[in-house]
Amino acid sequence: MDRDMERSEKIISAIKQNGFITKDNTTTYIHYKDEDRGIKKIDYKFEYPDEAIDLLTSLNMKCSAYNSNGQNCTEDCKNLNRWPVLKARNIRYQVLSFDRKDSI
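Residues numbered from 1 in each chain as written. Predicted model: local features only at pLDDT ≥ 70, side-chain atom pairs only at ≥ 80, totals over all residues. Heavy atoms only, no water.

Caption draft 1: A look at the overall build of the chain. Helix and strand content of the chain: 4 helices and 2 strands. Listing every helix and strand of the chain by position from the N terminus yields α-β-α-α-α-β. Buried positions account for 13% of the 104 residues belonging to the chain. Long-range pairs, those at least 24 residues apart, make up 73% of the contacts in the chain between residues at least 6 apart in sequence. Looking at the chain as shown, the accessible area adds up to about 8,600 Å², and 49% of this sits on carbon and sulfur atoms. (Helix = DSSP H or I, 4+ residues; strand = E, 2+ residues; numbered from the N terminus. Buried < 20%, exposed > 50% of the residue type's maximum accessible area, 1.4 Å probe, protein only. Contact = heavy atoms within 4.5 Å. Areas by Shrake-Rupley, 256 points an atom, 1.4 Å probe, with all protein chains shown as cover.)

What follows is the structure, given as structure tokens:
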């Protein structure tokens, strides 16, 4: 999450450098209270495309070394395949509003 906050700081800084201000607290984030709920229960329309799931769960097999010998070249490669985020515990977000410093 620290990396995400660093990215947010860079985006916020760029917006401010281009003539905008915010009164919102830029160092906080929001998360769901019931972190074990599935995203689908929060947003019933939420859906991962099958292609995305297939790609994420088989990333280790995309390596050229894997394709040539049918195995992963290092133990780390086995960690490449991942399931997408499905629980609310992995979601943090920021909502900020900006105003132009000098009105047009």
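Caption draft 2: Representation of a nonpolar patch on the surface within the structure. Together, Ile30, Tyr93 and Val95 make up an exposed nonpolar region whose accessible area comes to about 270 Å². Position of Tyr93 relative to the elements: it lies in the loop between helix H4 (64-69) and strand E2 (99-100). (Patch = residues over 30% accessible without salt bridge, like charges linked within 9 Å, V, L, I, M, F, W, Y side chains within 5 Å. Salt bridge = Lys/Arg side-chain N within 4 Å of Asp/Glu carboxyl O.)

Caption draft 3: Main features of a negative patch on the surface. Taken together, the side chains of Glu47, Asp50, Glu51 and Asp54 present a region of like negative charge at the surface. With respect to the helices and strands, the residue Asp50 is situated in helix H3 (residues 50-57). On the basis of relative accessible area, Asp50 is assigned to the exposed category, the value being 55%. (Lys, Arg positive; Asp, Glu negative; His and termini not counted. Charge placed at Lys NZ, Arg CZ, Asp CG, Glu CD.)

Caption draft 4: Quick peek at the side chain of Ser8. Structurally, the position occupied by Ser8 is in helix H1 (residues 2-17). Classification of Ser8 as buried rests on a relative accessible area of 18%. Side chain to side chain, Ser8 and Gln94 meet in a polar contact 2.6 Å long. (Polar contact = N/O pair within 3.5 Å; in protein donor to acceptor, adjacent residues only side chain to side chain.)

That is the geometry; function is a separate question.
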